[in-house]
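Single-letter residue listing:
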Amino acid sequence: MKIVFLMLLLISLFLFPDGIRKSLAARPSVVSIGSILRFNSTTGGVSAVAIRAALEDINSDQTVLNGTTLQVDMRDTNCDDGFLGMVEALQFMETDVIAIIGPQCSTIAHIISYVANELQVPLMSFASDATLSSIQFPFFVRTMPSDLYEMAAVAAVVDYYQWKIVTAIYIDDDYGRNGIAALDDELTARRCKISYKVGFPSNAKRSELLNLLVTVSNMESRVIVLHTGADPGLKLLSLANGLNMMGNGYVWIATDWLSSYLDANSSVPAETINGMQGVLTVRPHIPKSKMKSNLMSKWSSLSKKYNHSDLSLSAYGFYVYDSVWAVARALDAFFDDGGRISFTNDSRLHDETGGSLHLEAMSVFDMGKRLLGKIRQVNFTGASGQVQFNAQGELIHPAYDIISIIGNGVRTIGFWSNYTRLLSTVLPEDLYSKPPNTSVANQHLYDVIWPGETAQKPRGWVFPSNAKELIIGVPNRFSFKAFVTLDNATGKMTGYCIDVFTQALALLPYPVTYRFQAFGNGTENPNFDQLVQKVVDNEFDAAIGDIVITMSRTQALDFTQPFIESGLVILAPVKKHITNSWAFLQPFTLGMWCVTGLSFLVVGVVIWVLEHRINDEFRGSPRQQLITIVWFSFSTLFFAHRENTMSTLGRGVLIIWLFVVLIIQSSYTASLTSILTVQQLDTAIRGLDDLKNSDYPIGFQVGSFAQEYMVKELNISRSRLKALGSPEEYADSLKKGPKKGGVMAIVDERPYVELFLSTYCKVAVAGSDFTSTGWGFAFPRDSPLQVDLSTAILTLSENGELQRIHDKWLKTSDCSADNTEFVDSNQLRLESFMGLFLICGAACVLALLIYFGIMLRRYLRHEPPPESISAEAGSSKSKRSLKRFFSFVDDREPPKQKRSLCLSGNSSVPTTPTSNVDIERPVRPIRNGGVVNIES
């Protein structure tokens, strides 16, 4: 055997000249894994017990590794001293282990990940640093959710409560900096932001932390995100409580370090827990499972066995426990696939000897890539839930519990799941079987008792006491100074917009220091687009005044609730429409009068045609019949016709015609009443269509957005537009008209127009508003002051103060009340009634066709069939036949008759008709006793 072993050794030396190959059996009896932890930390202690618990369960289950024993080599590292921790970790890498559990510190995990890549040893780490990824470090396997998901949950909470700015306090290392960077990205995606962030070293002194908290208390935001470790985090919360920063108005959100500390420490000092009442924190969600229950049931005995009896089970314990199980299952598949455990010394390290690191002792795990592949393929339900990795090497379905600290314990107020990326009170595992519902409207959390023992949601920000003075841009107007005016002598700003702003500020629960800065030279109205751009460029902290809210402006700024309605209207010159003796003809146009009169005559003729053969009231001499037609037609206007209609067709036509008459009569009455009782104004421009279709010049106010709106939205040529700077120019240009260098109409916003009309009475608004907007105060994007001022403006509107300010500055005179909008003096046109006339005409034509069809059938049955005759004789015969047909139609139809005969015995029925029998219908005898009634 020795000879065989020596031969194998020589062969291996010949085949592998660059290093000595150390090999074990295909399925060895013992396999070692390593673990790098910080034993004196809460997470490190829980992780150590969880690893021992997993090894016991794996080695006691013969079906897992088929007799192979898994053992662990644990090493302690110093996370506070990064250099010393890295040296300790590198020393550990000299051992031949096939996988490493840990490290828990992000700083050390970065260094060890480089080494693990070179030695091809899978690194099963629960470091949550988001910058650690399998893309950069292929052998890095994260066995708990990344900080990317944790910060998404925190950002979702901030967005849910509609807080826009937060303050971030973090420990100044890779874990803290990278976590806050991830939070910043998530908040930005939700249109929120970190307004102030401050880091501190892990060994910061108490005085340094106090100064940090004092600085934070002077900041605008009252929502504070605390991303640290357990020891500095608890110290900060205790100091904050002493500074009254745990009172009403504050919001504290701690990352999962706090939930892990509370879960792992069963007996938290009362002073500590009392100092964090109302704090929110997040915890990785661990669903219920059999392995979870088993681990929890035996944890107490395990922690005592391994000298950590003071520690309870936390989320980290579940993930570390499953990490060891994942390695065991992957090893089993590795061995089944023919994998062998062997290590080779890296020749590049042979000459780098010296010191205590012994780099030459580091060996490469030859089949590390194969084992890594098996690890990424594991899929089982562990103590932490489903253990399965996605294509990016992250655990699937990361989720978090949202926890509120209340009393002596914690309360879960909801959950966040990456499956929907929303907050919910439904367990995440119950959502996985359904399609993800990503509607923000479905978000919900249970009620929270906030710091200060209040159930009312904190506003999340205050106006800081040491804040700089806000610079408010105000337009320095040349015209319409009732809205905003600057007193050049005193520099004081007054006007309608100024009063609204100051009254709204007075309703805020905090003081705001500001000063107005005029924008514009006062010789002409400023350009409002340039004014709001200065807010975008941070030259002004806000802009107030008569600033219209447009779509383009809202893309760069936030506006308050509109404090006055606005909209573009057309201002046109008008003249009074004077009524005269012929006013009764004005309701209808000439065409309408002609068609209406003709319709009366046509309907009269149609009724005469349908009635005169059977109705004696429509017969007589031609003169009498003509008079009857005219009289009957026009008497229907007043529903005063006396002639009865006997035919069915005539009655149908008359019903339709009377309906038409009713509509025409009602419309005429309404229009004539309006003409005689309401002042009428005439203008050549009656609305937007007239303005667009004409070629006349159009005026607009200097600085108004109306110019760009007409050019871009209405496609009106810029050459037609004329800038006007004052009400006097308005009046003069409208008076001159387009032929004398003026304008045909002016397009301006309604508040200006109403103020103008209170003085100038020979103009009026043509048509209605063709835009619907409002005026608001402009603030930078996501400014919390904008939200509070909007609420204050709504309060002013509800209590009537806004109307009082309006009446103070913009009270209009009687002239404005008369002329604000003129009544459209358009006469009633034929087009409005064309449908009625068409219906009536169609009814007349149809009735005539049916009538002549019946008459033709009767005529053919009454006249004998024509004999065969020559063509010349046929032409003459046709004329005579046509003449006879019309004579037949014109003749009086014989009246319908009945006759009664007394019969006795078997006497027969006489065949001679009486005067009451219809000669054209068959006679049917109906016997009634001794009397026979002959009926048609």
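Residues numbered from 1 in each chain as written. Predicted model: local features only at pLDDT ≥ 70, side-chain atom pairs only at ≥ 80, totals over all residues. Heavy atoms only, no water.

Asks: Which residues make up the nonpolar core, and what are the values?
Replies: By size, the foremost hydrophobic cluster in this structure holds 83 residues, and its most contacted members are Leu70, Ile98 and Leu331. Here this core gets 15 residues from one element, more than from any other, and that element is helix α14 (residues 315-336). Contacts of Leu70, omitting those with residues within four sequence positions, involve Val31, Ile33, Leu55, Ile58, Asn59, Leu65, Val324, Ala328 and Leu331. Among the nonpolar cores identified, the runner-up in size contains 71 residues, and Val500, Leu568, Tyr752 and Leu789 belong to it. (Core = buried A, V, L, I, M, F, W, Y, C linked by side-chain atoms within 4.5 Å. Buried < 20%, exposed > 50% of the residue type's maximum accessible area, 1.4 Å probe, protein only. Helix = DSSP H or I, 4+ residues; strand = E, 2+ residues; numbered from the N terminus. Contact = heavy atoms within 4.5 Å.)

Asks: Quick one: what's the story with the pattern of salt bridges, residue by residue and with numbers?
Replies: Per the counting criterion, the structure on display carries 28 salt bridges. One salt bridge in this structure joins Glu186 and Arg190, with 3.0 Å as the shortest N-O distance. Between Arg477 and Asp546 there is a salt bridge whose closest N-O contact spans 2.6 Å. Here Asp546 lies in the loop between β23 (542-543) and α19 (551-554) and Arg477 lies in the loop between β19 (470-475) and β20 (485-486), a separation of 69 residues in the sequence. (Salt bridge = Lys/Arg side-chain N within 4 Å of Asp/Glu carboxyl O.)

Asks: Account for the packing of helix α2 (residues 42-60) against α14, with residues named and values stated.
Replies: Closest axis-to-axis distance for the α2/α14 pair is 8 Å, and the angle between their directions is 40 degrees. Between α2 and α14 lies a crossing whose hand is right-handed. Two secondary-structure elements touch here, α2 through Thr43, Val46, Ser47, Ala50, Ile51, Ala53, Ala54, Leu55, Asp57 and Ile58 and α14 through Tyr316, Gly317, Val320, Tyr321, Val324, Trp325 and Ala328. For the contact of α2 with α14, the class distribution of residues is 13 nonpolar, 3 polar and 1 charged. (Axes fitted to C-alpha atoms, helices over the stretch in contact; angles between N-to-C directions. Left-handed = near helix turned anticlockwise from the far one by under 90°. Nonpolar A, V, L, I, M, F, W, Y, C, P; charged D, E, K, R; others polar.)

Asks: Can you break down the environment of Asp96 residue by residue, with the values?
Replies: With respect to the secondary-structure elements, Asp96 resides in the loop between α4 (82-92) and β4 (100-101). By relative accessible area, Asp96 is classed as partly exposed at 30%. Between the C-alpha atom of Asp96 and that of Thr344, which follows or precedes it by 248 residues, the distance is 9.9 Å. Side chain to side chain, Asp96 and Ser363 meet in a polar contact 3.5 Å long. (Polar contact = N/O pair within 3.5 Å; in protein donor to acceptor, adjacent residues only side chain to side chain.)

Asks: Describe the sheet that holds strand β11 (residues 280-284), listing the residues and the values that go with them.
Replies: Strand pairing in a sheet is mediated by backbone hydrogen bonds. Such pairs are either parallel or antiparallel. Within the open sheet, the 8 strands sit side by side as β8-β7-β9-β10-β11-β16-β17-β18. Their pairing is mixed. Every interior strand has two partners, whereas the edge strands, β8 (193-200) and β18 (422-424), have only one. Mean inter-strand twist for the sheet, computed between neighbouring axes without regard to direction, equals 25 degrees. Relative to β11, strand β10 (residues 251-254) is paired through 2 bridges, and the arrangement is parallel. By the bridge assignment for β11, Ala254 is matched with Thr281. Of the strands in this sheet, β7 (165-171), β8, β9 (223-227) and β10 touch helix α8 (residues 206-217), which is tilted by about 170 degrees from β8. Along the sheet face, helix α9 (residues 230-242) touches β7, β8, β9 and β10 and points at about 150 degrees away from the line of β9. (Pairing = 2+ DSSP bridges.)

Asks: How would you explain the sheet that holds strand β30 (residues 721-724) if you had to name every residue and give the values?
Replies: Across the sheet, 5 strands lie side by side as β30-β29-β31-β26-β32; this open sheet has mixed pairing. Of all the strands in the sheet, the pair left with one neighbour each is β30 and β32 (763-766). The mean inter-strand angle of the sheet, taken between neighbouring strand axes irrespective of direction, is 35 degrees. Here strand β29 (residues 698-701) pairs with strand β31 (residues 745-749) via 3 bridges, running parallel. Looking at β31, one finds that Phe700 is bridged to Val747. Taken strand by strand, helix α25 (residues 727-736) contacts β26 (568-573), β29, β30, β31 and β32, and its axis lies near 140 degrees from that of β30. Most of the contacts of helix α26 (residues 750-757) go to β31, to which it runs at about 120 degrees, and overall it touches β26, β29, β31 and β32.

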